Amino acid sequence: MLRMSLPRRVRLLAAATAAGLLALLATGTASAIQPGGITDEARLMNELFWIVTIAGLIVFALVAAALVYAIIRYRRKGDELPPQFHGGGKIEVAMVGVPILIVIGLFTISMITLVQIDDKADDDALTIDVTGFQFSWQFAYNLNDLGTNTDPNAEGTIAVIGTPANDPILYMPVDEPVEFLLKSNDVIHSFYVVDFLYKLDLIPGRVNSFTVTARETGDFRAQCAELCGTNHALMRFTVRVVERDEFDAWVADEAARQLGEGTLVSSSGTQGD
Amino acid sequence: MATVAVPQLSGYHRPAVLDWITTVDHKKLGILYLYFTLFFFAVGGILALLVRTQLAVADNSFVGNDAYNQIFTMHASAMLFLFIIPVWAGFGNYLVPLQIGAADMAFPRINALSFWMLPPAGILMFAGFIVDGGAADGGWTAYSPLAQQTGVGMDMWIIAVIVLGMSSTIGAANFLVTMFRMRAPGMTMFRMPIFCWTMLVTALLQLLATPVLAAALVMLFIDRNYGGQFFDPNGGGNVVLWQNVFWFYSHPAVYIMILPGMGIVSEILPVFSRKPLFGYKAFVFATIGIGGLGFSVWAHHMFTTGSVLLPFFGFMTFMIGVPTGVKIFNWLGTLWGGSISFPTPMLFAIGFVSMFLIGGINGTYSAAVPVDFALHDTYFVVAHIHYVLFGGSVFAVFGGLYYWFPKIWGRKLNERLGKLHFALMFVGFNVAFFPMHMLGLDGMPRRIAVYADSAGWEALNMLSTGGAFLIAVSMIPFLIAVVMAFMRPKDQPDDPWEANTLEWATTSPPPHYNFDSLPPVRSERPLFDARHGDEAH
Ligand code: HEM
Ligand SMILES: [Cu+2]
Ligand SMILES: [Cu+2]
């Protein structure tokens, strides 16, 4: 324990180290946990996350150090009254000024990120129709709206429909923009893919949309993030990001299965598993 | 300053129970509020332990999915509507008249009415558990259309919340009139104790915001029962409208839940630092600023709906960080250069400052709109809520209880048990809620009854559950201290802490009508002036 006789500088150092250690600990755990994101948009958001985190940790370390220091340094030692200081003057200007500078800075940076991720996709991006329902998902693909490899004359839609016991898989190609159209006919749900660092609500009576470009292939965990009733916790799904030819093969397979042989004229021809 | 007890009218003795039921004395009503709200703190706490037990391990089936939704909804409803909002009315009732040197509230009978609306509402809300379909289960936010689907428990919840809202609206009017009209001679607005100021701004928020909630709830009730279509898109209604009106009340309500706690902390810190509050006026203006800005940030709860003007609400939300930052300076500046002692109330006050600091910082994550897209509706937000409402408000409640216990009940709570209580609660709190940040970053949504083993969330959840039980254990020394105190005679002097404000200028507990005589009020610290004369000015 720190004793009252410690010289002032040592106490200051102790306070600063304690606060610094705490801040480091928080950074360590945050970086171990925080997913970096797999889309262009997510990576931008992740940068913003780190800016906010660093700003927050600096504020925390400074205030915590001041608090710990004050508590140690100004322990009651005798009965005499300390100077009765009411505040005022320059220090009160700083009290308002410093927070204003911090929040304006953070606000500006967040708006820049917001504008960057809000860039609308061009019309020929692959579109996936997402419908949330109590309690699973439907992912529908219109065969004439499949992005870079679309046959404009193809007709029909294929759909993946899940159940609470059987999570659906959402297929999407890597390295190209994909637009999601979100709809619901019962209650509000929220489409949340952890590694997109993004969620958007599915709201009865309106269609929400967003666009991302994934940069990593693999399976990613996702689930509904808005309370929607009894089995809300079971509205899970997997996002499977695959190479373009694998995606085309999957579409061809599904089209054959759901719409009958020969409905889809697949130009890529590669057969996946 | 000793007071001569006013002799009671003799001849007719009312039974004690009747006396409590019919009382219009602000102190007795204040005590009733405190008993009532602490009871519901316990109820909400037990529900929280059920939540934490269910989440301790993956794929748990301790309570079913349906029951889980009822339990967490009622946890939040009890904690917010039946504990934290009315607990400030309890402190306020007891303290505001005393602190401004008045004999009672402006409208004592209306005051009794506000209190007696609470028990029926509480019973009605919880009776949901015994009706068909169970208690309300749409979350305390009752989002439409989900809130249209559930059973009659939801209707009971709606009526209960309307009644609670009426209680706090008329209570707010009462507080405002009391503070505007009944201050002691010499007590200008800027000499009013800081706790009163926070109650004043809280009352204003309640008066302006609560009727909006009542209107929203009536619309929801009509939608549910009489085929209204306010929130139903199939009939031309709008789903998001509910969220707009709900949060128009409920964001200001967040400040209703925390401002008086800030006031309590700002009473305690100066007393045990033996210095005035640093920047009294800045604190008052910051409080007013928070109240005003509080009305312009509601949609920050709706960033992911896709129908919000993001830059505006992001900006306003950041701006509310400014008055909040000012307060952190107020508190640090009060400690700085002081002569600080650490009895239990002071520990809770310092605990408040440090936990509220974290609650402010993790709140900025959600103000940064693109970061909120990731964190909204995850456990990160659950962590934020509790750093503010538990690490903040609840620590202030206990700080206030330890601080004013000698005044209210004439006895002191045992210091050792108090310190043990604080230590256990502080550690338990952080163990329970800090890991939730990590769970949220890792994508665990809030309000889920189960999670899969494969998600890898079990270890942190188990840790968090352990912390929750440690919080429960921390209540044991508190309860022992209360029982021990009540077993002893009343022995507290007028002013056991060397405090600053008028409630300490009368006996502990104060007599009917509070004061025989008042010291002159020449600053915001009349008792300090009486003790030290002008030596320190
Ligand atoms: C023993 C202490 C407490 C524990 C262990 C605890 C635990 C929890 C947990 C785990 C949740 C998340 C439930 C879910 O999303 O599935 C929750 C939600 C919540 N808690 Fe607490 N809590 C405690 C005390 C409090 C207090 C004192 C307050 C307020 C004064 C409070 C207010 C809330 C609110 C507003 C929610 C959000 C509920 C919702 O999503 O509708 N809690 N609590
Ligand atoms: Cu859901
Ligand atoms: Cu809010």
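Being a predicted model, the structure only gives us computed values, none of them experimental. (Residues numbered from 1 in each chain as written. Chains lettered and ligands numbered in written order. Predicted model: local features only at pLDDT ≥ 70, side-chain atom pairs only at ≥ 80, totals over all residues. Heavy atoms only, no water.)

Moving on, we come to the coordination of the iron atom of ligand 1. Residues and elements named next belong to chain B. Coordination sphere of the iron atom of ligand 1, protein contribution only: His75 (NE2) and His386 (NE2), at 2.0 to 2.1 Å. With six donor atoms in place around the iron atom of ligand 1 and angles of 86 to 177° between them, the coordination shape is octahedral. One end of the pair, histidine 75, is in helix 3 (residues 65-99); the other, histidine 386, is in helix 15 (residues 379-409), and 311 residues separate them in sequence. According to the relative accessible area criterion, histidine 75 is buried, its value standing at 16%. For histidine 386, a relative accessible area of 17% corresponds to the buried category. (Donors = N, O, S within 2.8 Å, 3.2 Å for Na, K, Ca; no water. Tetrahedral: all angles 85-135°; square planar, octahedral: opposite > 155°, others 65-115°. Helix = DSSP H or I, 4+ residues; strand = E, 2+ residues; numbered from the N terminus. Buried < 20%, exposed > 50% of the residue type's maximum accessible area, 1.4 Å probe, protein only.)

We now examine the pattern of salt bridges. Any two side chains of opposite charge can pair, so long as their charged atoms come close to each other. Throughout the structure, instances matching the rule amount to 18 salt bridges over all chains. Between A:Asp40 and A:Arg215 there is a salt bridge, and its shortest N-O distance comes to 2.8 Å. Of this pair, A:Asp40 sits in helix 2 (residues 40-73) while A:Arg215 is found in the loop between strand 8 (208-213) and strand 9 (218-224), placing the two residues 175 residues apart along the sequence. The shortest N-O distance in the salt bridge between B:Lys27 and B:Asp25 comes to 3.5 Å. Assessed through its relative accessible area of 11%, B:Asp25 is described here as buried. Through salt bridges with shared partners, one network takes in A:Asp40, A:Asp175 and A:Arg215. (Salt bridge = Lys/Arg side-chain N within 4 Å of Asp/Glu carboxyl O.)

Residues and elements named next belong to chain A. By domain assignment, chain A separates into domain 1 (2-117) and domain 2 (126-261). In this structure, domain 1 and domain 2 have C-alpha centres spaced 41 Å apart. Counting residues at the interface gives 12 residues for domain 1, matched by 13 residues for domain 2. Between domain 1 and domain 2 the total buried area reaches about 1,000 Å² when both faces are included, carbon and sulfur atoms providing 60% of it. Counting the surface domain 1 buries against domain 2, the share from its top three residues, Ile38, Thr39 and Asp40, is 49%. Of the charged contacts in the structure, one is a salt bridge between glutamate 216 and arginine 43, with a shortest N-O distance of 3.1 Å. On inspection of domain 1 and its partner domain 2, the count reaches six residue pairs in polar contact (both at pLDDT 80 or more). Of the residues in the side of domain 1 that touches domain 2, the class split is four nonpolar, five polar and three charged. (Domains from an automatic or database assignment. Contact = heavy atoms within 4.5 Å. Buried area = accessible area lost by both parts, 1.4 Å probe. Polar contact = N/O pair within 3.5 Å; in protein donor to acceptor, adjacent residues only side chain to side chain. Nonpolar A, V, L, I, M, F, W, Y, C, P; charged D, E, K, R; others polar.)

Time to look at the site of ligand 1. All names here are of chain B. Looking at ligand 1, there are 24 residues lining it, with Tyr68, His75, His386, Arg446 and Arg447 nearest. For ligand 1, an oxygen atom lies 3.4 Å from a polar atom in the side chain of tyrosine 379. A distance of 2.8 Å separates an oxygen atom of ligand 1 from a polar atom in the side chain of arginine 446. Listed by contribution, the elements that provide at least two residues to the shell around ligand 1 are helix 2 (26-55), helix 3, helix 15 and helix 16 (415-441). Sorting elements by how many residues they give to the shell around ligand 1 places helix 15 first, with seven residues. Here the residues of the shell around ligand 1 are counted per class, giving 18 nonpolar, three polar and three charged. (Near = heavy atom within 4 Å.)

The subject of this paragraph is the sheet that holds strand 5 (residues 177-184) of chain A. Residue and element names in this part refer to chain A. Sheet architecture is open: five strands sit in the order 3-2-1-5-8, paired in mixed fashion. The outermost strands of the open sheet, each flanked by one partner alone, are strand 3 (157-161) and strand 8. For this sheet, the mean angle separating the axes of adjacent strands, direction not counted, is 25°. In the sheet, strand 1 (residues 126-133) pairs with strand 5 via seven bridges, with the strands oriented parallel. Residue pairing across strands places isoleucine 128 opposite phenylalanine 180, the latter belonging to strand 5. Relative to the sheet, helix 4 (residues 244-259) contacts strand 1, strand 2 (136-142) and strand 3, its axis offset from that of strand 3 by approximately 95°. (Pairing = 2+ DSSP bridges. Axes fitted to C-alpha atoms, helices over the stretch in contact; angles between N-to-C directions.)

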